[in-house]
Amino acid sequence: MSTETWTLDASDGGQLAVRTDVAGKASRMGHRLTIAVTSWTATVEWSGDAPTAVSLTAEVSSLDVVHGEGGLTPLIGPEKIVAKANALKSFDADRYPSIRFRSTEITAVDAGFRLAGTAEIHGVSRKVTVDVDVNDLGDRWHLVSETVVRQSDYKITPYSHMFGAMKVVDEVTVTFDAEYRKH
């Protein structure tokens, strides 16, 4: 049986991002953010036609606020800088510089694979399940995933402002989109 290792990262055009929402009496003031993680590496080990192990490491300091919806004013450069600083503070990036995922079990499902494993965020490790859709595009594989993560599960206090009248919702959506060229 043949074995192969895929390595994917942002330099291949892959995207790892976090989407936030806002809540509270003043939520109309806040932006729903898309925050890209610009430095990450995923490794997929294959045996035959199925993955046997998946790992991902993301560097927290590489967060970049790329888009904001809503809010009273457009999200422009200075506000993006403030939003990034707030995110890095929430993550305590100096103390916990990396986010890691490692699979412990992989199961084939209709659209691709279900990865059961451990995520380590903010110094807390928790068991998680991630579904990855895999599409054969002929010359390459397209991998897509969307997973909801509750910040408080990892002892992260979601950002809030004005005594909680405007706050980031505890549950954020982590998205992954990458392609791997066939050899």
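Structure: above.
Now for a description of the structure that goes with this document. (Residues numbered from 1 in each chain as written. Predicted model: local features only at pLDDT ≥ 70, side-chain atom pairs only at ≥ 80, totals over all residues. Heavy atoms only, no water.)

**Here's the deal with the overall build of the chain**
Scanning the chain from N- to C-terminus turns up one helix and 14 strands. Relative to its length of 183 residues, the chain is compact, with a C-alpha radius of gyration of 18 Å against a globular reference of 16 Å. Taking the principal axes of its C-alpha atoms as reference, the chain extends roughly 60 × 30 × 30 Å. The buried share among the 183 residues of the chain stands at 36%. Here the analysis covers contacts within the chain between residues at least 6 apart in sequence; of these, 61% occur between residues at least 24 apart. Taken as a whole, the chain presents about 10,600 Å² of accessible surface, with 52% of it coming from carbon and sulfur. (Helix = DSSP H or I, 4+ residues; strand = E, 2+ residues; numbered from the N terminus. Rg over C-alpha atoms; globule rule 2.2 N^0.38 Å. Buried < 20%, exposed > 50% of the residue type's maximum accessible area, 1.4 Å probe, protein only. Contact = heavy atoms within 4.5 Å. Areas by Shrake-Rupley, 256 points an atom, 1.4 Å probe, with all protein chains shown as cover.)

**Observations regarding the sheet that holds strand β4 (residues 31–37)**
Read from one edge to the other, the open sheet built from 11 strands follows the order β1-β5-β6-β8-β9-β10-β11-β14-β2-β4-β7, with strand pairing classed as antiparallel. Either end of the sheet is taken by a strand with one partner, and the two such strands are β1 (3–9) and β7 (63–70). If you compare each strand with its neighbour and ignore which way they point, the axes differ by 20 degrees on average. Strands in contact with helix α1 (residues 77–91) are β4, β7, β8 (98–109) and β9 (112–121); relative to β7, the strand with the most contacts, it is inclined by about 115 degrees. (Pairing = 2+ DSSP bridges. Axes fitted to C-alpha atoms, helices over the stretch in contact; angles between N-to-C directions.)

**A word on the pattern of salt bridges**
Applying the stated criterion to the full structure yields nine salt bridges. A salt bridge links E146 to R19; the shortest N-O distance between them is 3.5 Å. Here E146 is found in strand β11 (residues 140–150), whereas its partner R19 is found in strand β2 (residues 15–19), with 127 residues between them in sequence. Assessed through its relative accessible area of 54%, E146 is described here as exposed. Salt bridges linked by common partners bring R126, R150, D153 and E171 together as one network. (Salt bridge = Lys/Arg side-chain N within 4 Å of Asp/Glu carboxyl O.)

**As for the nonpolar core**
Counting residues in hydrophobic clusters, the biggest one holds 39 residues, and the most contacted among them are L8, W40, L56 and F176. Those residues within four positions of W40 in sequence are excluded, and the remaining contacts are L8, D9, A10, G14, Q15, L16, L56, T57, A58, F176 and A178. (Core = buried A, V, L, I, M, F, W, Y, C linked by side-chain atoms within 4.5 Å.)

**Regarding the sheet that holds strand β13 (residues 166–168)**
Taken in spatial order, the three strands line up as β3-β13-β12 in an open sheet, and their pairing is antiparallel. Looking at which strands have only one partner, the edges of the open sheet turn out to be β3 (22–23) and β12 (160–161).

**As for unusual backbone geometry**
Across the chain, the bulk of peptide bonds are trans and the bulk of non-glycine residues have phi less than zero. A positive phi angle, close to 60 degrees, is found at H122, a residue other than glycine. On the secondary structure map, H122 appears in the loop between β9 and β10 (124–136). Since its relative accessible area comes to 13%, H122 is described here as buried.

**As for the side chain of H122**
Within polar-contact distance, the side chain of H122 engages the backbone oxygen of K155 at 3.2 Å. Apart from residues lying up to four places away in sequence, H122 is in contact with S90, F91, D92, Y96, Y154, K155 and I156. (Polar contact = N/O pair within 3.5 Å; in protein donor to acceptor, adjacent residues only side chain to side chain.)

By themselves, these figures tell us nothing about what the structure is for.
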